[in-house]
Amino acid sequence: MKNTLITAFIVGLIASIAFIIFQPLFGLATLTSRHAAAYVNFGGYSESAALILSWFVHVSVSIAYTVISTVIFNFNHSLWVSSAQVIVLGWFTTLIATPANEWVVKLVTTETFTPLSELAPLNTAIGPKFWLHVMFFVFVIFGLWFKKAKIDKK
């Protein structure tokens, strides 16, 4: 169990960094820069504190998604299931990304829990955000396969 969590942490960290590096290639401003700007503008945080906080939130969420993906992978790591989870988790995270990001920004800047009914609607578009989330889970699955191949080689 400890090795599984360590693997999920490392893979999630790498995938979260890749997400931010590749985000501009999808025509999007980075999530961390948008969150940091909101923390400064609406929450009165210093720029450095806002940037650190935005990265902490992003990496934490990425690791949480990676833990879910790791559980699925450890249960069944067939190519079919791995491909399906990339698409399903990519779609699910795209759906909730806009309202979830809005909720987090409001939580950090107002220190209150915003009712779900007051958030932006789910994002149902198949566009850059979807492909970016799919890319994130491809990185995750690749990392998990890489780790599995190293273990199998021993």
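Residues numbered from 1 in each chain as written. Predicted model: local features only at pLDDT ≥ 70, side-chain atom pairs only at ≥ 80, totals over all residues. Heavy atoms only, no water.

Examining the overall build of the protein chain
Here comes step 1: Of regular secondary structure, the protein chain possesses five helices and zero strands.
Here comes step 2: The C-alpha radius of gyration computed for the protein chain amounts to 16 Å, which stays within 12% of the reference 15 Å derived for 154 residues, consistent with globular compactness.
Here comes step 3: When its C-alpha atoms are laid out on the principal axes, the protein chain stretches across 50 × 30 × 30 Å.
Here comes step 4: Per-residue burial over the protein chain gives 39% buried out of 154 residues.
Here comes step 5: Contacts spanning at least 24 positions in sequence make up 70% of the contacts within the protein chain whose residues lie at least 6 apart. (Helix = DSSP H or I, 4+ residues; strand = E, 2+ residues; numbered from the N terminus. Rg over C-alpha atoms; globule rule 2.2 N^0.38 Å. Buried < 20%, exposed > 50% of the residue type's maximum accessible area, 1.4 Å probe, protein only. Contact = heavy atoms within 4.5 Å.)

Describing the environment of Thr32
Here comes step 1: Within the fold, Thr32 resides in helix α2 (residues 31–43).
Here comes step 2: Spatially, the C-alpha atoms of Thr32 and Trp91 are 21 Å apart, while their sequence positions differ by 59 residues.
Here comes step 3: With residues up to four places along the chain from it excluded, the contact list for Thr32 reads Ile20, Ser54, Trp55 and His58.

Observations regarding the nonpolar core
Here comes step 1: If you look at the biggest cluster of nonpolar residues, it comprises 18 residues, and the most contacted ones within it are Phe136, Val140 and Leu144.
Here comes step 2: Mapped onto this core, the elements with two or more residues apiece are α1 (2–22), α4 (79–110) and α5 (128–153).
Here comes step 3: If one sorts the elements of this core by residue count, α5 sits on top with nine residues.
Here comes step 4: With sequence-adjacent residues up to four places away left out, Val140 is seen in contact with Val11, Ala15, Thr66 and Ser69.
Here comes step 5: In terms of nonpolar packing, the next biggest core, distinct from the first, is built from eight residues, Ala36, Ala38, Tyr39 and Val57 among them. (Core = buried A, V, L, I, M, F, W, Y, C linked by side-chain atoms within 4.5 Å.)

What about the packing of aromatic side chains?
The geometry of an aromatic ring pair comes down to the distance between the two centres and the angle between the two planes.
Here comes step 1: The tally for this structure, following the rule as stated, stands at nine aromatic pairs.
Here comes step 2: Relative to Phe139, the ring of Phe22 has its centre 5.8 Å away and its plane inclined at 45°; by these criteria the two rings are tilted. Here Phe22, found in helix α1, pairs with Phe139, found in helix α5; they are 117 residues apart in sequence, far enough to count as distant.
Here comes step 3: Classification of Phe22 by relative accessible area gives partly exposed; the value is 30%.
Here comes step 4: Clustering of aromatic rings is evident, with ring pairs tying together Phe19, Tyr65, Phe136 and Phe137. (Phe/Tyr/Trp six-rings, centres within 6.5 Å; stacked < 30°, edge-to-face > 60°.)

Comments concerning the side chain of Ser82
Here comes step 1: Here Ser82 is to be found in helix α4.
Here comes step 2: A distance of 3.4 Å separates polar atoms of two side chains, one belonging to Ser82 and the other to Trp145.
Here comes step 3: Leave out the neighbours within four places in its chain, and Ser82 touches Phe73, His77, Ile141 and Trp145. (Polar contact = N/O pair within 3.5 Å; in protein donor to acceptor, adjacent residues only side chain to side chain.)

Quick notes on the environment of Val108
Here comes step 1: As for its position among the elements, Val108 is in helix α4.
Here comes step 2: For Val108, a relative accessible area of 14% puts it in the buried group.
Here comes step 3: Taking the C-alpha atoms as reference, Val108 lies 12 Å from Ala37; in sequence the two are 71 residues apart.
Here comes step 4: If sequence neighbours within four positions are ignored, Val108 has contacts with Tyr39, Tyr45 and Leu53.

Remarks on α2
Here comes step 1: In this model α2 runs 17 Å from its N-terminal to its C-terminal C-alpha over 13 residues, within 8% of the 18 Å that 1.5 Å per residue would give.
Here comes step 2: Taken residue by residue, α2 has Leu31, Thr32, His35, Ala36, Ala38 and Tyr39 as its buried positions. Down the axis of α2, the smallest arc covering the buried residues is 160°, so these residues share one side.
Here comes step 3: Tucked into the core, α2 has its buried residues touching α1, α3 (47–75) and α4.
Here comes step 4: Gly44 lies just past α2 and shows a positive phi near 75°. (Expected span 1.5 Å × (residues − 1). Arc of directions from axis to C-beta.)

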